[in-house]
Amino acid sequence: MNKKYCIKKYRGGALAPPFLLLYQNIECFIFVSVIIFLFLLLVRIYKPEMLQDLENNFSELERKISTLQKNYKNLTENLKELNFEHEELKKKYDEERRKNQVLAEEQKNIKLYSAISGNPEHNRLMKNHINRLVKEIDFCIAQLQNSGL
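Residues numbered from 1 in each chain as written. Predicted model: local features only at pLDDT ≥ 70, side-chain atom pairs only at ≥ 80, totals over all residues. Heavy atoms only, no water.

Asker: Is there a simple way to think about the overall build of the protein chain in this case?
Answerer: Within the protein chain one finds three helices and two strands. When the helices and strands of the protein chain are listed from N to C terminus, the series reads β-β-α-α-α. By the burial criterion, 9% of the 149 residues in the protein chain qualify as buried. A fraction of 12% describes how many contacts in the protein chain between residues 6 or more apart in sequence connect residues 24 or more apart. With the model as given, the accessible surface of the protein chain reaches about 13,500 Å², and the carbon-plus-sulfur share is 60%. (Helix = DSSP H or I, 4+ residues; strand = E, 2+ residues; numbered from the N terminus. Buried < 20%, exposed > 50% of the residue type's maximum accessible area, 1.4 Å probe, protein only. Contact = heavy atoms within 4.5 Å. Areas by Shrake-Rupley, 256 points an atom, 1.4 Å probe, with all protein chains shown as cover.)

Here is the structure:
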């Protein structure tokens, strides 16, 4: 078996340890598994305490990975809930803004009707409104004269 096929370079040219590789075929997987088995066998024969340390480290890593996976799952669920809540709040905001615009328009109309009916508080509003309408009419007349009609 060609060893170069299984050992690849990563991060600036350093060789990847065999157990970090993504196995592309079964032969490479078997080769790496045999190497790991032999390493563990040698460690068990020559340094059993080293094997216990490795087992403890792997157990700790498994526990941390499991915790990270649970946290990730919880965070993704929270994100979905928050996105849903955000969309609902956006809809409410848009609806309230539309209601506010309608109410502002109604208030403007009520003031205008009040000024027309003779309410002295709104006389200035009525005068301003009439002046605006007169200016618009003058502008339209000027455009008609310029166009030759």
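Asker: Looking at this model, I keep getting lost on the confidence of the model for the protein chain. Mind explaining?
Answerer: Chain-level pLDDT for the protein chain is 78 on average; 74% of the residues reach the 70-or-more range. By mean pLDDT, the top-scoring element of the protein chain is helix α2 (residues 48-116) (88), and the lowest-scoring one is strand β1 (residues 9-10) (44). The low-confidence segment residues 1-16 (pLDDT under 50) makes 25 contacts with residues lying over four places distant or belonging to another chain. Low pLDDT, under 50, characterises residues 18-24; the predicted model gives this stretch 14 contacts beyond four residues in sequence or across chains. (pLDDT = per-residue confidence, 0-100.)

Asker: How do you make sense of helix α3 (residues 123-147) when you look at a structure like this?
Answerer: For α3, which comprises 25 residues, the first-to-last C-alpha distance of 36 Å matches the rise-based estimate of 36 Å (1.5 Å per residue) to within 8%. Looking one or two residues beyond α3, the residue adopting positive phi is Gly-148, at roughly 90°. (Expected span 1.5 Å × (residues − 1).)

Asker: Help me understand the pattern of salt bridges in this model?
Answerer: Side chains that differ in sign of charge can pair as their charged atoms come close. Taken as a whole, this structure holds five salt bridges when the rule is applied. Between Lys-90 and Glu-87 there is a salt bridge whose closest N-O contact spans 3.7 Å. Highlighted residues: Lys-90 and Glu-87, both in helix α2, separated by three residues, approximately one helical turn. Among the residues examined, Lys-90 registers a relative accessible area of 39% and is labelled partly exposed. (Salt bridge = Lys/Arg side-chain N within 4 Å of Asp/Glu carboxyl O.)

Asker: Looking at this structure, how should I read the environment of Leu-125?
Answerer: Inspection of the secondary structure assignment puts Leu-125 in helix α3. In the structure, Leu-125 is positioned 17 residues away from Lys-108 in sequence and 9.7 Å away in space, judged by C-alpha atoms. For Leu-125, the contacting residues outside a window of four places in its chain are Lys-111 and Leu-112.

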